[in-house]
2 protein chains.
Amino acid sequence: MHKIVQQGSKSLIESRIKRKSLLSKVVTDVSQLIPYFQNGHYVSMGGFAGTGYPKVVPIALADHVEKNGLQGKLKMNLFVGASVGPETEDRWAMLDMIDKRYPHQNGHHIRNGINSGRIRFADQHLSTFASDLLAGYYTLDKPHGSKRTMDIAIVEATEITEDGCIVPGASVGITPEILQMADKIIIEINTSLPSFKGLHDMVKIALPPFSKPYQITRVDDRIGLEAFPVDPEKIIAIVESQLPDNTSVGAPEDETSSAIANNIVQFFIHEIEQGRFPKNLLPLQSGIGSIANAVIGGLSKGPFDNLSVWTEVIQDTFLDFFDNGKLKFASATSLRFSPPGFNRLFNNWENYKSKIILRNQAISNAAELISRVGCIALNTPCEVDIYGHVNSTNTMGSKMLNGLGGSGEFLRNSRISIVHTPSTRPTKTDPHGISCIVPFASHIDHTEHDIDIIVTEQGLADIRGLAPYERAKVIIQNCAHPIYKPILMEYLETSRQICLKNHMGHEPHQLDKAFKFYTNLSEKGTMKIDKW
Amino acid sequence: MHKIVQQGSKSLIESRIKRKSLLSKVVTDVSQLIPYFQNGHYVSMGGFAGTGYPKVVPIALADHVEKNGLQGKLKMNLFVGASVGPETEDRWAMLDMIDKRYPHQNGHHIRNGINSGRIRFADQHLSTFASDLLAGYYTLDKPHGSKRTMDIAIVEATEITEDGCIVPGASVGITPEILQMADKIIIEINTSLPSFKGLHDMVKIALPPFSKPYQITRVDDRIGLEAFPVDPEKIIAIVESQLPDNTSVGAPEDETSSAIANNIVQFFIHEIEQGRFPKNLLPLQSGIGSIANAVIGGLSKGPFDNLSVWTEVIQDTFLDFFDNGKLKFASATSLRFSPPGFNRLFNNWENYKSKIILRNQAISNAAELISRVGCIALNTPCEVDIYGHVNSTNTMGSKMLNGLGGSGEFLRNSRISIVHTPSTRPTKTDPHGISCIVPFASHIDHTEHDIDIIVTEQGLADIRGLAPYERAKVIIQNCAHPIYKPILMEYLETSRQICLKNHMGHEPHQLDKAFKFYTNLSEKGTMKIDKW
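These figures come from a predicted structure and were not determined experimentally.

## Some words on the overall build of chain A
Line of reasoning, step 1. Broken down by element type, chain A carries 17 helices and 28 strands.
Line of reasoning, step 2. For 532 residues, the compact-globule estimate of 2.2 N^0.38 gives 24 Å, and the C-alpha radius of gyration of chain A, at 24 Å, lies within 12% of that figure.
Line of reasoning, step 3. Here the C-alpha coordinates of chain A stretch approximately 75 × 50 × 45 Å along the principal axes.
Line of reasoning, step 4. Once local pairs closer than 6 in sequence are excluded, the contacts in chain A between residues at least 24 apart make up 72%.
Line of reasoning, step 5. For chain A, the centre of its 54 positive side-chain charges and the centre of its 57 negative side-chain charges are spaced 1 Å apart.

Written as structure tokens, this is what we have:
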């Protein structure tokens with residue numbers, strides 16, 4: 001049984017570096033590494049969804065900036081598979097150390113930097129991000145060096161194998177891709193964790209015209225390497241880390257998420273009865289966050305056995321799902337557990353390890369594989385419109401939350417695409433001030449063509465095979481909050497009347513009124529408009 | 001050398017039916033088949049992009065409805081891979097014979113029926129449509145019989161092989177899928193065409209959990225059958241057809257499309273120089289329509305050799321591309337040639353046939369394969385907004401044109417995604433009344449996450465790796481018409497100013513003004529607003 005190791009020592013890091021020629025690269029004084037980072041550099045980090053990211057060096061850099069008043073003078077372009085811990089990217093943002101940041105983020109300061117025009121950010125599908133990065137699409141305008149490389153990559157590892165390959169920690173993300181494309185590499189070996197060797201399956205992605213099929217047909221198929229090769233000449237330092245992934249405990253299941261989960265369970269039972277799903281369903285994908293976590297918790301209590309998971313991120317409730325014997329296997333790119341969740345993992349390591357594979361995000365989120373294994377996709381949006389267009393990223397059309405992450409890849413390519421949201425959210429002055437069902441989404445990340453099922457605590461709308469007007473009626477009737485139903489129905493029926501008169505009634509809208517929910521919200525703190 | 005056969009005879013159809021036991025199914029009096037079609041039936045037809053569709057039986061049904069005043073009394077639900085000829089779906093629409101129609105269409109009457117609320121239509125990604133049809137997503141509410149079948153399928157063939165398999169004509173579309181799922185099958189053998197045997201590569205699609213990798217890595221790989229099996233007990237009739245595919249000659253290249261093509265050629269040259277594309281590019285995909293056709297014509301005059309094509313539809317200009325020796329191979333699901341184009345094809349049949357494969361649309365448009373071969377996607381939208389969201393389907397947000405077809409699958413999954421459009425289109429009163437670059441697209445089919453390059457006759461915007469505000473500047477400066485540039489820049493800068501003040505400036509909008517182009521167009525016949 002593995003335990004979290006409490007204390008470092010020279011022998012500890014040496015025991016994790018099986019390639020002895022690399023021992024000479026061990027650096028104990030991290031301040032020596034500061035000069036490698038220059039203003040304007042292109043920097044990559046490993047990590048995904050706040051785990052498996054490097055900590056010691058990013059924190060040392062932040063300390064250096066803070067101590068020397070270098071805010072805004074050491075700004076770097078930061079590329080990570082998804083979000084990393086608040087002590088790294090969010091502190092960097094607070095210290096004005098980030099110019100560009102792609103393709104996902106999480107934290108108060110970084111979000112504020114993006115929405116204040118200080119940080120240049122764009123969200124991108126996560127599997128495509130990895131391959132576009134390799135193809136040089138994010139380094140087109142790099143003013144120095146090769147236009148196909150990163151200046152420096154920092155990755156967390158839990159072991160370096162005898163043949164000099166890297167065993168990551170609790171996530172894979174884009175670690176394989178940045179190890180290939182970085183000019184210089186720093187490895188943080190986290191000796192507070194067990195070696196994760198055997199948990200990962202990493203692939204060296206080939207771009208067209210050299211791409212080959214990913215020969216995966218089941219969630220537990222392996223096609224890659226348990227440790228990823230790295231050019232030893234590129235390694236400029238190996239640093240010991242004992243810092244844990246800085247995660248928190250998610251919100252517990254509440255009445256709303258229980259009602260959502262129950263609606264989903266009832267739908268699954270119906271689909272099995274109709275012969276459209278096998279009895280053990282199809283591999284589940286679940287988004288990140290507390291509603292998604294609670295929905296998985298609800299499903300784990302449902303009447304389904306012998307389940308599998310093909311997803312991005314494994315959260316705490318999956319442990320219950322394993323423990324009750326209903327979940328057989330899970331494939332992802334990241335383990336994002338709370339601190340007690342990680343303790344559960346490490347205390348029953350061999351058992352859980354045999355049921356989990358972590359892959360490159362280019363694999364976990366590949367359209368090819370999501371489609372082939374036939375995921376059931378479950379994701380939480382900000383809002384859904386009456387025709388089934390979904391906003392996952394920008395509130396009020398303009399304000400970035402975190403980015404779309406893998407939601408687009410899963411909602412587009414899964415066998416069935418489900419979005420779940422509370423029907424309303426509170427504002428400061430109105431407990432139902434924001435309707436999550438709106439006439440026209442203020443930003444669209446996923447279109448009507450990609451969504452099959454919409455679920456709120458009010459009910460479930462099955463919009464498969466429905467024309468837009470039919471879709472709108474079922475979404476409003478089944479999913480909208482009772483306060484908003486008559487308002488939305490009036491918009492729909494008036495729009496239809498006007499548009500049919502003008503022979504443009506396929507997807508009826510009144511463009512002069514379509515965004516009235518938002519202008520009312522800005523002015524009066526609620527989407528409850530007095531009249532159209 | 002094959003010629004179009006001018007006249008039918010019993011011996012002609014018999015020579016195409018190599019499975020002699022099926023000769024007993026030949027029906028010469030088509031009126032016998034009318035009673036098989038009932039009000040409310042679920043009917044499928046082969047065909048894609050107006051070729052390879054059945055004609056004799058659909059026309060006989062239309063004649064029957066017209067002659068007997070049955071308009072609105074014999075309404076069917078019609079499922080075809082994409083559009084078919086005007087004498088079939090459009091005449092059916094004119095005679096009020098269509099209730100539901102998925103997932104694409106073309107024609108004045110059918111479009112009018114959809115926009116007048118008479119025909120229930122929804123557009124859908126074309127590969128997903130084929131698999132969702134098999135999964136029963138379009139027959140959920142079928143009130144009679146199995147909820148996983150079509151009542152009747154009609155397909156065009158050019159031969160029935162000795163083992164009773166179907167050789168289609170000029171398209172594959174969803175023919176393999178509907179042959180599997182129809183209760184009854186009618187085959188129209190078109191003896192005016194040569195047998196197309198050897199041109200097709202058809203796959204029996206397996207849904208999850210039984211899906212396997214499509215073992216295609218090159219555009220000319222074959223993984224399927226040249227003739228598709230059909231259960232002989234389901235065949236209720238075999239009918240001879242001598243009706244040609246009812247296509248027309250596309251608009252010739254004009255100044256605008258030449259300028260667009262030239263901008264694209266220059267971009268390709270630059271990408272090759274930068275090492276991001278191989279010298280022979282990557283497989284080209286091209287949308288349907290006259291601009292796309294002209295762009296391919298322009299590319300065929302470009303300095304590129306040894307090219308390949310992985311697309312949906314092969315149009316006339318591809319023949320020039322083959323003839324000048326620059327195009328080596330093309331994979332698609334449909335040949336949509338003009339009548340002179342088909343004559344060119346048939347007059348040099350063996351030569352062209354060796355360079356073309358037609359596949360199921362579930363294969364030609366599969367995310368897996370578009371991504372693996374690494375297409376260069378080229379598609380024509382209705383409009384693009386300043387942040388790169390694309391409308392391909394609904395003008396003024398509400399009025400359906402044809403449907404998104406495969407544009408979503410290609411723009412999402414290709415190695416690089418290019419949309420090309422004139423910068424403006426005329427209205428009745430203003431030659432530049434409609435700007436194709438708008439503040440906020442009135443309908444969104446493809447999001448900012450899917451688009452790399454936008455091209456108009458004005459120039460090319462490379463938005464890879466750009467944050468929204470940067471993207472907007474380059475799109476407006478490089479692509480908008482000079483008349484609209486200052487108007488759009490004012491919207492952008494004012495929106496940014498307001499949003500930054502409110503710390504919501506990631507993708508700046510003014511939602512109360514975002515659709516003002518459209519309200520102005522409705523009221524004054526032009527998007528040229530006097531002021532914001």
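The rest of the description comes next.
## A word on the domain arrangement of chain A
All names here are of chain A.
Line of reasoning, step 1. Taken as a whole, chain A is organised into domain 1 (12-241) and domain 2 (255-426 + 434-476).
Line of reasoning, step 2. For domain 1, the biggest contributors to the area lost against domain 2 are Leu-199, Tyr-214 and Val-219; these three give 20% of the whole.
Line of reasoning, step 3. Summed over the shared surface of domain 1 and domain 2, the number is 1 salt bridge.
Line of reasoning, step 4. We note a salt bridge from Asp-201 to Arg-359, for which the minimum N-O separation is 3.4 Å.
Line of reasoning, step 5. Run the count over domain 1 and domain 2 and you get 34 residue pairs in polar contact (both at pLDDT 80 or more).
Line of reasoning, step 6. If you list the elements that add at least two residues to the side of domain 1 that touches domain 2, you get helix 4 (108-115), helix 5 (126-134), helix 6 (175-181) and strand 9 (200-201).
Line of reasoning, step 7. Among the elements that make up the side of domain 1 that touches domain 2, the one with the highest residue count is helix 5 (5 residues).
Line of reasoning, step 8. Here the residues of the side of domain 1 that touches domain 2 sort into 23 nonpolar, 18 polar and 9 charged.

## What about helix 8 (residues 290-300) of chain B?
Residue and element names in this part refer to chain B.
Line of reasoning, step 1. Of all 11 residues that make up helix 8, 10 are buried, and the element is covered over most of its length.
Line of reasoning, step 2. Taken together, the buried positions of helix 8 are Ile-291, Ala-292, Asn-293, Ala-294, Val-295, Ile-296, Gly-297, Gly-298, Leu-299 and Ser-300.
Line of reasoning, step 3. The inward-facing, buried residues of helix 8 abut helix 7 (255-273), strand 11 (284-286), helix 9 (317-323), strand 17 (376-379) and strand 22 (416-420).

## Focus on the sheet that holds strand 4 (residues 120-121) of chain A
Residues and elements named next belong to chain A.
Line of reasoning, step 1. Reading across from one edge, 4-3-2-1-5-8-11 is the order of the 7 strands in this open sheet, with parallel pairing throughout. Every interior strand has two partners, whereas the edge strands, strand 4 and strand 11 (235-241), have only one.
Line of reasoning, step 2. Relative to strand 2 (residues 76-80), strand 1 (residues 42-45) runs parallel, the two being bridged by 4 bridges. Paired with Val-43 across the strands is Leu-78, a residue of strand 2.

## A word on the environment of Met400(B)
Line of reasoning, step 1. Its location among the elements puts Met400(B) in strand 21 (residues 399-400).
Line of reasoning, step 2. In this structure Met400(B) comes out as buried when scored by relative accessible area, which is 0%.
Line of reasoning, step 3. Apart from residues lying up to four places away in sequence, Met400(B) is in contact with His506(A), Gln105(B), Arg111(B), Ile114(B), Asn115(B), Phe121(B), Asp123(B), Thr393(B) and Asn394(B).

## With respect to the nonpolar core
Line of reasoning, step 1. Counting residues in hydrophobic clusters, the biggest one holds 277 residues, and the most contacted among them are Phe268(A), Leu299(A), Phe268(B), Leu299(B) and Leu335(B).
Line of reasoning, step 2. If we skip the residues at most four places from it in the chain, Leu299(A) touches Ile264(A), Val265(A), Phe268(A), Leu284(A), Phe304(A), Phe321(A) and Leu378(A).
Line of reasoning, step 3. Within the second largest apolar cluster, 35 residues are counted, among which are Tyr53(A), Leu61(A), Ile110(A) and Phe121(A).

## Structural notes on the side chain of Glu188(A)
All names here are of chain A.
Line of reasoning, step 1. Inspection of the secondary structure assignment puts Glu-188 in strand 8 (residues 182-190).
Line of reasoning, step 2. At 6.1 Å, Lys-55 is the nearest oppositely charged side chain to Glu-188, a buried residue that forms no salt bridge.
Line of reasoning, step 3. At 2.7 Å, the side chain of Glu-188 forms a polar contact with the backbone nitrogen of Val-57.
Line of reasoning, step 4. Discounting chain neighbours no more than four positions away, the residues touching Glu-188 are Pro-54, Lys-55, Val-56, Val-57, Pro-58, Ile-154, Val-155, Glu-156, Ala-157, Val-239 and Ser-241.

## Here we look at the confidence of the model for chain A
Low-confidence regions, as indicated by low pLDDT, have predicted coordinates that should not be scrutinised in detail.
All names here are of chain A.
Line of reasoning, step 1. Of all residues in chain A, 98% attain a pLDDT of 70 or more, and the chain-wide mean is 96.
Line of reasoning, step 2. Between residues 1-7, whose pLDDT stays under 50, and residues either more than four places distant or in other chains, the model counts 18 contacts.
Line of reasoning, step 3. Our summary of model confidence lists the complex with pTM equal to 0.97 and ipTM equal to 0.96.

## Regarding helix 10 (residues 339-347) of chain A
Residue and element names in this part refer to chain A.
Line of reasoning, step 1. Those residues of helix 10 not exposed but buried are Gly-341, Phe-342, Leu-345 and Phe-346. Projected onto a plane normal to the axis of helix 10, the buried residues spread over an arc of 135° and lie on a single side.
Line of reasoning, step 2. In this structure, the buried side of helix 10 is in contact with helix 9 (317-323), strand 16 (334-335) and helix 11 (349-353).

## Points about the interface of chain A and chain B
Where the parts come together, the accessible area they lose is often given as the size of the interface.
Line of reasoning, step 1. Listed by partner, the interface residues are 92 residues for chain A and 92 residues for chain B.
Line of reasoning, step 2. Buried area between chain A and chain B, both sides added, is near 7100 Å², and the carbon and sulfur share of it is 54%.
Line of reasoning, step 3. Seen at the junction of chain A and chain B, the total is 6 salt bridges.
Line of reasoning, step 4. Arg415(B) is paired through a salt bridge with Asp132(A); the nearest N and O atoms lie 2.8 Å apart.
Line of reasoning, step 5. Put simply, chain A and chain B have 41 residue pairs in polar contact (both at pLDDT 80 or more) between them.
Line of reasoning, step 6. A per-element tally of the side of chain A that touches chain B places helix 13 (residues 367-373) of chain A first, with 5 residues.
Line of reasoning, step 7. Considering only residue class, the side of chain A that touches chain B consists of 36 nonpolar, 32 polar and 24 charged.

## Observations regarding the pattern of salt bridges
Opposite charge on two side chains permits pairing when their charged atoms draw close.
Line of reasoning, step 1. Scanning the model with the defined rule gives 53 salt bridges over all chains in all.
Line of reasoning, step 2. The shortest N-O distance in the salt bridge between Lys75(B) and Asp96(B) comes to 3.1 Å. Of this pair, Lys75(B) sits in the loop between helix 2 (56-67) and strand 2 (76-80) while Asp96(B) sits in the loop between helix 3 (86-94) and strand 3 (98-102), and the two are 21 residues apart along the sequence. Neither residue differs from the other here; Lys75(B) and Asp96(B) are each classed as buried.
Line of reasoning, step 3. We note a salt bridge from Asp96(B) to Arg118(B), for which the minimum N-O separation is 3.5 Å. Of this pair, Asp96(B) sits in the loop between helix 3 and strand 3 while Arg118(B) sits in the loop between helix 4 (108-115) and strand 4 (120-121); the two residues are 22 residues apart in sequence, bridging distant segments of the chain.
Line of reasoning, step 4. According to the relative accessible area criterion, Asp96(B) is buried, its value standing at 19%.
Line of reasoning, step 5. Linked by salt bridges that have partners in common, Glu271(A), Arg276(A), Asp462(A) and Arg464(A) make up one network.

## Focus: the sheet that holds strand 26 (residues 437-438) of chain A
Residue and element names in this part refer to chain A.
Line of reasoning, step 1. The mixed open sheet is built from 3 strands, whose spatial order is 20-19-26. Each having just a single partner strand, strand 20 (390-391) and strand 26 make up the two edges of the open sheet.
Line of reasoning, step 2. Pairing geometry for strand 19 (residues 383-385) and strand 26, over 2 bridges, is parallel. Across the sheet, the residue bridging to Val-384 is Ile-437, located in strand 26.

## Quick look at the environment of Pro176(B)
Residues and elements named next belong to chain B.
Line of reasoning, step 1. Position of Pro-176 among the secondary structure elements: in helix 6 (residues 175-181).
Line of reasoning, step 2. For Pro-176 and Val-203, which are 27 residues apart along the polypeptide, the C-alpha to C-alpha distance reads 7.3 Å.
Line of reasoning, step 3. Apart from the residues lying within four places of it in its own chain, the contact partners of Pro-176 are Met-202, Val-203, Phe-228 and Asn-360.

## Considerations on the UniProt feature "binding site: CoA" in chain A
Residue and element names in this part refer to chain A.
Line of reasoning, step 1. In the numbering adopted here, UniProt assigns the feature "binding site: CoA" to Gly-287, Ile-288, Gly-289, Ser-290, Ile-291, Asn-402 and Gly-406.
Line of reasoning, step 2. Topologically, Ser-290 is positioned in helix 8 (residues 290-300).
Line of reasoning, step 3. Residue placement: Ile-291 occurs in helix 8.
Line of reasoning, step 4. Every residue in contact with Ile-291, bar those within four places of it in the chain, is listed here: Ile-260, Thr-380, His-420 and Pro-422.

## Comments concerning the packing of aromatic side chains
Pairs of aromatic rings are described using the distance from one ring centre to the other and the angle between the two planes.
Line of reasoning, step 1. A full pass over the atoms with the stated rule returns 44 aromatic pairs over all chains.
Line of reasoning, step 2. When the ring centre of Tyr469(A) is taken as reference, the NZ or CZ atom of Arg496(A) above it lies at 3.7 Å.

## Some remarks on the environment of Arg91(A)
Line of reasoning, step 1. Topologically, Arg91(A) is positioned in helix 3 (residues 86-94).
Line of reasoning, step 2. Sequence-wise, Arg91(A) and Ala62(A) are 29 residues apart; in three dimensions their C-alpha atoms are separated by 7.1 Å.

## Digging into the pairing of strand 2 of chain B
Looking along a regular strand, one sees side chains alternate from face to face of the sheet.
Residue and element names in this part refer to chain B.
Line of reasoning, step 1. The element strand 2 is extensively covered by neighbouring structure, given that 5 of its 5 residues are classed as buried.
Line of reasoning, step 2. The side-chain alternation of strand 2 yields two buried faces, one formed by Met-76, Leu-78 and Val-80 and the other by Asn-77 and Phe-79.
Line of reasoning, step 3. As a crossover connection, the stretch from strand 1 (residues 42-45) through helix 2 into strand 2 is right-handed.
Line of reasoning, step 4. Crossover connection from strand 2 via helix 3 to parallel strand 3: handedness right-handed.

## Here's the deal with the relation of the copies chain A and chain B
For the pair of chain copies, the relating operation is a rotation around an axis with a shift along it.
Line of reasoning, step 1. Take chain A, turn it by 180°, move it 0.0 Å along the axis, and it overlays chain B with an RMSD of 0.0 Å. Taken together, the rotation and translation relating the two chain copies correspond to the operation of a two-fold axis. Scanning chain A for the C-alpha nearest the rotation axis identifies Glu368(A), at a separation of 2.1 Å.
Line of reasoning, step 2. Mapped onto chain B, 100% of the interface residues of chain A again fall at the interface, so both copies present the same surface.

About the cut-offs
- Residues numbered from 1 in each chain as written.
- Chains lettered and ligands numbered in written order.
- Predicted model: local features only at pLDDT ≥ 70, side-chain atom pairs only at ≥ 80, totals over all residues.
- Heavy atoms only, no water.
- Helix = DSSP H or I, 4+ residues; strand = E, 2+ residues; numbered from the N terminus.
- Rg over C-alpha atoms; globule rule 2.2 N^0.38 Å.
- Contact = heavy atoms within 4.5 Å.
- Lys, Arg positive; Asp, Glu negative; His and termini not counted.
- Charge placed at Lys NZ, Arg CZ, Asp CG, Glu CD.
- Domains from an automatic or database assignment.
- Buried area = accessible area lost by both parts, 1.4 Å probe.
- Salt bridge = Lys/Arg side-chain N within 4 Å of Asp/Glu carboxyl O.
- Polar contact = N/O pair within 3.5 Å; in protein donor to acceptor, adjacent residues only side chain to side chain.
- Nonpolar A, V, L, I, M, F, W, Y, C, P; charged D, E, K, R; others polar.
- Buried < 20%, exposed > 50% of the residue type's maximum accessible area, 1.4 Å probe, protein only.
- Pairing = 2+ DSSP bridges.
- Core = buried A, V, L, I, M, F, W, Y, C linked by side-chain atoms within 4.5 Å.
- pLDDT = per-residue confidence, 0-100.
- Arc of directions from axis to C-beta.
- UniProt positions renumbered as here; feature names shortened; annotations may be inferred.
- Phe/Tyr/Trp six-rings, centres within 6.5 Å; stacked < 30°, edge-to-face > 60°.
- Lys NZ or Arg CZ within 6 Å of the ring centre and 35° of its normal.
- Right-handed = clockwise from strand over helix to strand, strands pointing away.
- Least-squares fit on C-alpha atoms with pLDDT ≥ 70 in both.

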